[in-house]
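# An overview of the molecular structure
As a plain string of letters, each chain reads:
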Amino acid sequence: MENRLLVQRPVPGTASRLGLVRGDITRERVDAIVNAANPSLLGGGGVDGAIHRAAGPELDADCRRLHDELGGCPPGQAVVTTAGRLPARHVIHAVGPVWHGGGRGEAATLRSAYRQSLARAREAGDRSVAFPSISTGAYGYPVAEAARVALRAVVEELREAAAGGQPLIDEVRFVLFSDADAAVYRAALDEILPGEGA
Ligand code: ADP
């Protein structure tokens, strides 16, 4: 099944657009796709497994190198690798928080994972970025709360970067793997970036 763009809105105060896609992030033709990685960077299930399978051994080798050199990546941070056989140029490995009920700084860590991913994308010269719904699978973050944190974090980062004259990211997409997640992100988008009419 082809990936389907559900909605796209301009982000006020910037020249960037924010969109929601229903589909598989490994198929996105963007400069960078973001992986919901674990702190070891050595791969796992969920979207991480799908990205590693689609990218092939070059990505495994890059992640192994970063694991050995940096000792992995802490929650709230992000690192860049090549993208192997994927259509993207880079994979940005972002580590989200494990959900423990919300009292352990999960929202701040999730916000940071999104913002750090965009910072890494700018440094790498990437102008289009696709995110999965970080932390809402195996890590257990409730999706409605995570969607609000994610969309707010991206909108804030794009606005601050535009105001600070940083390199432009033209387009950010969230790629949702189920109709249910897509509906939840749609509701959060309507709250955070209300559109004209439908
Ligand atoms: P985390 O450990 O950060 O919770 P998961 O990979 O378990 O990460 O889940 C994050 C989200 O990614 C979930 O909503 C899951 O359904 C989704 N997902 C899984 N595979 C893909 C894929 N190929 N493309 C986009 N999203 C995916």
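Residues numbered from 1 in each chain as written. Predicted model: local features only at pLDDT ≥ 70, side-chain atom pairs only at ≥ 80, totals over all residues. Heavy atoms only, no water.

## Some points on the environment of V184
- Inspection of the secondary structure assignment puts V184 in helix 5 (residues 179-192).
- For V184, a relative accessible area of 25% corresponds to the partly exposed category.
- Sequence-wise, V184 and A146 are 38 residues apart; in three dimensions their C-alpha atoms are separated by 9.7 Å.
- Beyond its immediate sequence surroundings of up to four residues, V184 is in contact with V143, A144 and A147. (Helix = DSSP H or I, 4+ residues; strand = E, 2+ residues; numbered from the N terminus. Buried < 20%, exposed > 50% of the residue type's maximum accessible area, 1.4 Å probe, protein only. Contact = heavy atoms within 4.5 Å.)

## Let's talk about the site of the ligand
- The environment of the ligand is formed by 15 residues, the closest being D24, V47, S135, G137 and A138.
- In the environment of the ligand, an oxygen atom lies 3.5 Å from a nitrogen or oxygen atom belonging to the backbone of T136.
- Separating an oxygen atom of the ligand from a backbone N or O atom of A138 is a distance of 2.8 Å.
- If the ligand stood free it would expose 570 Å²; the protein chains cover 88% of that surface.
- For the ligand, the cavity whose grid points lie within 2 Å of the majority of its atoms is the largest pocket.
- Looking at the shell around the ligand residue by residue, the class counts come to eight nonpolar, five polar and two charged. (Near = heavy atom within 4 Å. Polar contact = N/O pair within 3.5 Å; in protein donor to acceptor, adjacent residues only side chain to side chain. Areas by Shrake-Rupley, 256 points an atom, 1.4 Å probe, with all protein chains shown as cover. 1 Å grid on protein atoms, 1.4 Å probe; cavity = no way out; pocket = protein on both sides within 12 Å on 5 of 7 lines; lining within 4 Å. Sits in = over half its atoms within 2 Å of the grid points. Nonpolar A, V, L, I, M, F, W, Y, C, P; charged D, E, K, R; others polar.)

## Digging into the nonpolar core
- In this structure, L18, Y114, F131, V154, V172, F174 and Y185 are the most contacted members of the largest nonpolar core, which totals 37 residues.
- Mapped by element, the contributors of at least two residues to this core are strand 2 (17-22), strand 3 (32-37), strand 5 (90-95), helix 3 (106-123), strand 6 (128-131), helix 4 (143-163), strand 7 (171-176) and helix 5.
- Ranked by residue count, the leading element in this core is helix 4, at nine residues.
- In contact with V172, other than residues within four places in its own chain, are R17, L18, G19, L118, V129, F131, V154 and L158.
- Of all hydrophobic cores here, the second largest spans 14 residues; its members include I25, I51, A55 and A130. (Core = buried A, V, L, I, M, F, W, Y, C linked by side-chain atoms within 4.5 Å.)

## Some thoughts on helix 4
- Helix length check: helix 4, at 21 residues, gives a terminal C-alpha distance of 30 Å against a target of 30 Å (1.5 Å per residue), a fit within 8%.
- All of the buried residues in helix 4 are A146, A147, V149, A150, L151, A153, V154, V155, E157, L158 and A161.
- Check the buried side of helix 4 and you find it contacts strand 2, helix 3, strand 6, strand 7 and helix 5. (Expected span 1.5 Å × (residues − 1).)

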